Amino acid sequence: MPQIPASASGRGYLAIPGPSVIPEAVLQAMHRPSPNIYAGQLPEMLPGIVTDLKNVARTKGNVALYIGNGHAAWEAALSNVIAPGELVLVPGTGHFSEGWADMAEGLGAQAQTISAPNRSPLPPEKIAEALRADTEHRIRAVLAVHVDTSTSLRCDIAQIRAALDDCNHPALLMVDCIASLACDKFEMDAWGADVMVAGCQKGLMVPPGMAFVFFNERAAAVRAKMPRVSRYWDWTPRADPDGFWQYWNGTAPTHHLYGLRVALDMLMQEGMEAVWHRHTVLARAIWAACDAWGQGGLLEMNVPDPAHRSHAVTSLRLESPQATALRDWTEQNLGLTLGIGLGMAPPGDPAWHGFFRLGHMGHVNGQMIMGMLGGMDAGFKALGIPHGAGAPEAASTVIAAG
Ligand SMILES: *Cc1c(COP(=O)(O)O)cnc(C)c1O
């Protein structure tokens, strides 16, 4: 009898690091006729959305909302504070620090990158060294990636702030939290970030399409001195939630706002500490399983030190082409889609199949993670990929302990 693909029945799990799983309540909130954008519920909803976005980011500063993805957030943030010809410093973390640096260069800025070890964060002295060497203060901003979704490295943002302060360097600290916001703990004000960028399709559990730029008064003062900021990217009118009409520079993202309202309700109801804790426990369960598989097997976590791993995404190494074989097997047989490797291929081998990623951001719980790990375990067995035993048990022990 021909085998029915398991993905055709049962509920699948898209375990890639963005877009993430969308809660049913968010989908239902978005399933409605077009609302009036000039009056009524939609404009009235905006001030509360702004308040809760700031609660998620732990800031009393400002937030500008855009129709766009994470790349739009990068460009929006840079456009407000970096003029053509100005210099930015980019500590390497992987594919996404390179992407933000490239975006800055595309806008006519100069990017000074510090190359990334990709498996451990840059030593803070390297960043301090670059800042100290900049005696004329030509560096206008440090572009830091909190969690790099390619390597699954998590950086210490407060430590980069301390490096800037120790050197008495006036550069802005700009942080990419596109992967980490509402997953990994982040404290915008307490950690001293001046600008922070995020999207809605990862920890915020909404389909891709909205971008957020948070900024404090220091950053607003830099913006005020810019010779020119494009009308569309200018964050000033967008940070005034009372001005719904001029706010969007055109039509509002109507349905996204309804979805976002519900997603923020879910986060506020759970509480940010509980949200961070849930992601921490689930990440530790995944790491415990990976440690077990790695005992006498081929699987290896990209970041050896747990202190530097994200709680939103885990990047894994196997021997090429086994990563692709495993992803294909779990997708075709179980309805479980794992993430492709990104930006980590050895030079000259773009089709490298020795790297993959697990997304565990946003709307995830213990049964989804246990299902993902059980599915991977079955894949290792079915494909004869050498692996240590006891991975599901190791994970369930972590989840049981909470
Ligand atoms: C996803 C991601 C981006 C890019 O976001 P897009 O919505 O794909 O443009 C940038 N930085 C990080 C850290 C990301 O995880």
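Placed above this text is the structure.
Residues numbered from 1 in each chain as written. Predicted model: local features only at pLDDT ≥ 70, side-chain atom pairs only at ≥ 80, totals over all residues. Heavy atoms only, no water.

Enquirer: Any chance you could explain the nonpolar core here in plain terms?
Expert: As a rule of thumb, nonpolar side chains are buried together in soluble globular proteins. Of all hydrophobic cores here, the largest spans 60 residues; its most connected members are Leu65, Phe212 and Leu257. For this core, the element with the highest residue contribution is helix H2 (residues 41-57), accounting for 8 residues. Per-domain counts for this core show at least three residues from each of domain 1 (7-20 + 271-401) and domain 2 (24-269). Not counting chain neighbours up to four residues away, the residues in contact with Leu65 comprise Leu46, Ile49, Val50, Leu53, Met210, Ala211, Phe212, Arg238, Tyr247 and Trp248. (Core = buried A, V, L, I, M, F, W, Y, C linked by side-chain atoms within 4.5 Å. Buried < 20%, exposed > 50% of the residue type's maximum accessible area, 1.4 Å probe, protein only. Helix = DSSP H or I, 4+ residues; strand = E, 2+ residues; numbered from the N terminus. Domains from an automatic or database assignment. Contact = heavy atoms within 4.5 Å.)

Enquirer: I'm lost on the sheet that holds strand E4 (residues 110-114) in this one. Help?
Expert: Across a sheet, strands are paired by hydrogen bonds formed along the backbone, either parallel or antiparallel in direction. In spatial order, the strands read E2-E10-E9-E8-E5-E3-E4; together these 7 strands make up an open sheet with mixed pairing. For this open sheet the edge positions go to strand E2 (62-67) and E4, each flanked by a neighbour on one side alone. Mean inter-strand twist for the sheet, computed between neighbouring axes without regard to direction, equals 20 degrees. By the bridge criterion, 3 bridges tie strand E8 (residues 172-176) to strand E9 (residues 195-199) in an arrangement that is parallel. (Pairing = 2+ DSSP bridges. Axes fitted to C-alpha atoms, helices over the stretch in contact; angles between N-to-C directions.)

Enquirer: I tried to follow the layout of surface pockets on my own but got confused; where do I start?
Expert: Any empty space left between atoms is shown by rolling a water-sized probe over those atoms. Approximately 430 Å³ is the volume found for the largest pocket. Where the lining of the largest pocket is concerned, the elements lending two or more residues are strand E1 (13-15) and helix H12 (366-383). Residue classes in the lining of the largest pocket are distributed as 11 nonpolar, 7 polar and 2 charged. Counting contributing residues per domain, the lining of the largest pocket is built from domain 1 (7-20 + 271-401) and domain 2 (24-269), each supplying no fewer than three. (1 Å grid on protein atoms, 1.4 Å probe; cavity = no way out; pocket = protein on both sides within 12 Å on 5 of 7 lines; lining within 4 Å. Points joined across faces, edges and corners; volume = space filled by probe spheres on them. Nonpolar A, V, L, I, M, F, W, Y, C, P; charged D, E, K, R; others polar.)

Enquirer: So what exactly am I meant to see when it comes to empty space enclosed by the protein here?
Expert: Per the stated rule, a full pass over the model turns up 1 cavity of 30 Å³ or more. Space inside the largest cavity adds up to approximately 40 Å³. If you trace the largest cavity, you find it lined by Tyr13, Leu14, Ile16, Ser20, Val21, Gly359, His360, Met361 and Val364. The class makeup of the residues in the lining of the largest cavity is 6 nonpolar, 3 polar and no charged.

Enquirer: Looking at this model, I keep getting lost on the packing of aromatic side chains. Mind explaining?
Expert: Aromatic ring pairs are defined here through the distance separating the ring centres and the angle between the ring planes. As enumerated under the stated definition, the model contains 9 aromatic pairs in all. On the numbers, 5.3 Å between centres and 75 degrees between planes, the contact of Tyr232 with Trp233 is edge-to-face. According to the relative accessible area criterion, Tyr232 is partly exposed, its value standing at 33%. With centroids separated by 5.8 Å and ring planes inclined at 20 degrees, the aromatic side chains of Trp352 and Phe355 adopt a geometry described as stacked. Taking the relative accessible area as the measure of exposure, Phe355 reaches 3% and is therefore buried. Through a chain of ring-to-ring contacts, three or more aromatic side chains come together here, namely Tyr66, Tyr232 and Trp233. (Phe/Tyr/Trp six-rings, centres within 6.5 Å; stacked < 30°, edge-to-face > 60°.)

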